[in-house]
2 protein chains.
Amino acid sequence: MAAVDGLTVSIDAMGGDNAPDAIVAGVALSRERHPYVGFQLHGDPQRLQPLVQAKKYLADAKDVVIVPASDVVGMADKPSAALRRGKETSLWRAIDAVKEGKAKAIVSAGNTGALMAMSLFQLRTMAGIARPAIAAIWPTMRGQSIVLDVGANASADARQLVEFAVMGEAFARSIYGLESPSLGLLNVGTEEIKGNEDVKAAAQMLRELKLPIDFRGFVEGDDISAGTVDVVVTDGFTGNIALKAAEGTAKLVAKYLRDAMRRSFLSKLGGFFASGAFNTLRMKMDPRSVNGGVLLGLNGIVVKSHGSADALSFATAVDLAIDLVKHGLTEKIHHDIARMAAAIPAAGPA
Amino acid sequence: MAAVDGLTVSIDAMGGDNAPDAIVAGVALSRERHPYVGFQLHGDPQRLQPLVQAKKYLADAKDVVIVPASDVVGMADKPSAALRRGKETSLWRAIDAVKEGKAKAIVSAGNTGALMAMSLFQLRTMAGIARPAIAAIWPTMRGQSIVLDVGANASADARQLVEFAVMGEAFARSIYGLESPSLGLLNVGTEEIKGNEDVKAAAQMLRELKLPIDFRGFVEGDDISAGTVDVVVTDGFTGNIALKAAEGTAKLVAKYLRDAMRRSFLSKLGGFFASGAFNTLRMKMDPRSVNGGVLLGLNGIVVKSHGSADALSFATAVDLAIDLVKHGLTEKIHHDIARMAAAIPAAGPA
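Reference entry: report on the structure contained in this document.

Focus on the sheet that holds strand S1 (residues 8-12) of chain B
Residue and element names in this part refer to chain B. With mixed pairing, the 11 strands of this open sheet are ordered in space as S3-S2-S1-S4-S11-S10-S5-S6-S9-S7-S8. The open sheet is flanked by strand S3 (64-68) and strand S8 (214-219), the only strands paired with a single partner. Across the sheet, the axes of successive neighbouring strands diverge by a mean angle of 25 degrees, strand direction being ignored. With respect to the sheet, helix H1 (residues 21-33) is in contact with S1, strand S2 (38-43) and S3, its orientation differing from that of S2 by roughly 175 degrees.

If you want it as structure tokens, here you go:
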């Protein structure tokens, strides 16, 4: 086994609906784009070895290593059970590599709940952060925005919302290279009096703490897809439901379009001529192009790929992990949270 | 002025971006479909009189009356200010007609917050209900579903969620003629352990109370557009954000489609042949076809039309109000809430 140094990414090679084939193929795609990045593939060597050897960019590479793991977390396993009995799983081992300093980031297409539970248990929450959050990359009229939390927590108080804001802003700086991303708090109206107590108190803290964050106040549900701000902050309950409601709507509109195109000879003819345009549309709406939720607030980079990820999709998630390591996301968050904590006693509400 | 009896609907003729022209035109469209329904049009007689006289189905009708109101609530007025100073507004007067028993329902395209505040103040919450809710009609893969609350309240405890369930179920029976509509609680997962405490406690109450409601447990954000259940229950914060996130996504996908169709000569040609199909799609996505949020839980039927409603859109909202009166929605809710209240001491959580 080759020594692991430099930028190494740890991969749960057995997690996800299409593992390990799509996972190894995805790593190969990412390796082609980032030949200087090393990989640890955690899983069954007998299954992984032939897949790795078949890939031009992986075979015989000294810094692409297979680390044996005898067990796999099932997609439907309960997080608590996985945590108790999962020490031999590819997921646990992949996270452990980050904990042990052998890799800078872990990517998995496996069980989300187990990934969260194990990451939290092994990597621990960063100092100064109450709970980690899941950040999603959301397609918008202007490009992309970051939305967090989309499901790590079932609720969030004002201070946690401010922590999410600090982490989300650092995330947007890391992946978009923006100097000062704009940020909004998700609410049911833009007036100061609107919303629940936690959201109102978080807005007040963000105004009073005078952090170097371009806080634009409240934004509403339709501002997410409009791209009104670069970072949208909300609690995990609301964020998860908004994300899935949006996904459901995209599917519904796609169905309407398919139905409409099948209605007449002319529309079918039109559909034939416009098939290139429809392919463009399909790619735009393809969740693979923005694959990868990121767990923020842990001592390490943890990227969750869609469970149904294919090679292309998984490669996008791996590329994202590499980007976040290169741009020092963990260090940025560590720095910004410390600054926030220092500001709170002076200016925060009693 | 003609005597008002039978089924009369009270109209805020001055509320909305296109008032009073679109409002009167919308009432005329609805009157054509429901010639037995009387209307009270509240607003400026000098502006309303010529509009009414110009409409075949309204002019000279004894049961279509203009009730003078000298003031108008502005679309941007604060609800509290409107409530204090708005006694001479068309909105206040239109609601007052329901309170005084002169009309069975009120329809307004005006200021939502003022409509809610004035309706609550004048019509009062029905006995046994803590807070009213706004129900929205949501297009789905299977047709339509009801989602509530979409914004009347910034939060809801378990008992309120159960009240929303009772009201939403009665609403679905009234407008769809379903004998036993299916109902789900919006959550971040479908397992019993998922979600915040209020949602979990509400699910337990719905199971234990043994109300005649076809409760299917938790549903997720993407289940709304999928049409998994007929009625989706959530708090007003989450519901409002989910609704607007869905609206924003529909706009985003429409933009993707327009951009894709403009990319090449072939796609433009295809778009020309498929223009009929695109018109069908546009109608499907047209908010006018499902216009009208309904305030549930008050002593009277209150229907909110979109502020930007045109005649067709406003007529849809008026038709909905007529339907709800005809199907005895207020009486159904009154009956079902009493039954719920009776069940709670016996089976509810301590």
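Side note on the relation of the copies chain B and chain A
Superposition record for chain B on chain A: RMSD 0.0 Å, screw rotation 180 degrees, translation along axis 0.0 Å. A rotation of that kind, with that shift, is consistent with a two-fold axis. Nearest to the rotation axis, the C-alpha of glycine 270 of chain B is located 1.8 Å from it, this being the minimum over chain B. Both copies share a contact surface, since 100% of the interface residues of chain B are interface residues in chain A too.

Topic: the sheet that holds strand S6 (residues 143-148) of chain A
All names here are of chain A. An order of S3-S2-S1-S4-S11-S10-S5-S6-S9-S7-S8 is seen for the 11 strands of this open sheet, with the pairing classed as mixed. Since the sheet does not close on itself, it has two edges, and those belong to strand S3 (64-68) and strand S8 (214-219), each with one partner. The mean angle between the axes of side-by-side strands here comes to 25 degrees, regardless of whether they run parallel or antiparallel. With 5 bridges joining them, strand S1 (residues 8-12) and strand S2 (residues 38-43) adopt parallel strand pairing. Residue pairing for S2: isoleucine 11 is matched across the bridge by leucine 41. Sheet strands touched by helix H4 (residues 90-99): S1, S2, S3 and strand S4 (105-108). Its angle to S1, the strand with the most contacts, is close to 165 degrees.

Here's the deal with the pattern of salt bridges
Residues and elements named next belong to chain A. Throughout the structure, instances matching the rule amount to 22 salt bridges over all chains. Here glutamate 88 and arginine 93 are joined by a salt bridge, their closest N and O atoms 2.5 Å apart. The class of glutamate 88 is partly exposed, set by a relative accessible area of 40%. The exposure class assigned to arginine 93 is partly exposed, which follows from its relative accessible area of 26%.

A look at the interface of chain B and chain A
Across the boundary between the two partners, chain B contributes 49 residues, which contact 49 residues of chain A. The partner of glutamate 220 of chain A in a salt bridge is lysine 244 of chain B, with the nearest N and O atoms 2.2 Å apart. Run the count over chain B and chain A and you get 4 residue pairs in polar contact (both at pLDDT 80 or more). Looking at the side of chain B that touches chain A, the elements with two or more residues in it are strand S5 (133-140), helix H8 (221-226), helix H9 (236-261), helix H10 (265-273) and helix H11 (275-285) of chain B. No other element matches the 20 residues that H9 of chain B contributes to the side of chain B that touches chain A.

A few points about unusual backbone geometry
Residue and element names in this part refer to chain A. For the bond running from alanine 19 to proline 20, omega is -5 degrees, close enough to zero to count as cis. Among the secondary structure elements, proline 20 is positioned in the loop between S1 and helix H1 (21-33). The backbone of aspartate 60 sits at a positive phi, close to 65 degrees, despite the residue not being glycine. Looking at where aspartate 60 falls in the secondary structure, it is placed in the loop between helix H2 (45-53) and S3. Classification of aspartate 60 as exposed rests on a relative accessible area of 68%.

Looking at the environment of alanine 274 of chain A
Mapped onto the fold, alanine 274 of chain A is located in the loop between helix H10 (265-273) and helix H11 (275-285). Under the relative-accessibility criterion, alanine 274 of chain A is labelled buried at 0%. Excluding its chain neighbours within four sequence positions, the residues that come into contact with alanine 274 of chain A are Met261, Leu266, Ser267 and Gly270 of chain B.

Things to note about the packing of aromatic side chains
Across all of its chains, the model carries 2 aromatic pairs over all chains by this definition. When the ring of tryptophan 92 of chain A is compared with that of phenylalanine 121 of chain A, the centres are 5.9 Å apart and the planes differ by 45 degrees; the resulting orientation is tilted. You can see tryptophan 92 of chain A sitting in helix H4 and its partner phenylalanine 121 of chain A sitting in helix H5 (residues 112-123), a full 29 residues away along the chain. The buried category is assigned to tryptophan 92 of chain A, whose relative accessible area is 9%. Exposure remark for phenylalanine 121 of chain A: the relative accessible area of 41% places this residue in the partly exposed category. Note that lysine 87 of chain B overlies the ring of tryptophan 92 of chain B, its terminal NZ or CZ placed 4.4 Å from the centroid. Stacked on the ring of phenylalanine 121 of chain B, the Lys or Arg lysine 87 of chain B has its end atom at 6.0 Å from the ring centre.

Conventions adopted
Residues numbered from 1 in each chain as written. Chains lettered and ligands numbered in written order. Predicted model: local features only at pLDDT ≥ 70, side-chain atom pairs only at ≥ 80, totals over all residues. Heavy atoms only, no water. Pairing = 2+ DSSP bridges. Helix = DSSP H or I, 4+ residues; strand = E, 2+ residues; numbered from the N terminus. Axes fitted to C-alpha atoms, helices over the stretch in contact; angles between N-to-C directions. Contact = heavy atoms within 4.5 Å. Least-squares fit on C-alpha atoms with pLDDT ≥ 70 in both. Salt bridge = Lys/Arg side-chain N within 4 Å of Asp/Glu carboxyl O. Buried < 20%, exposed > 50% of the residue type's maximum accessible area, 1.4 Å probe, protein only. Polar contact = N/O pair within 3.5 Å; in protein donor to acceptor, adjacent residues only side chain to side chain. Phe/Tyr/Trp six-rings, centres within 6.5 Å; stacked < 30°, edge-to-face > 60°. Lys NZ or Arg CZ within 6 Å of the ring centre and 35° of its normal.

This is a description of form; function is not addressed.
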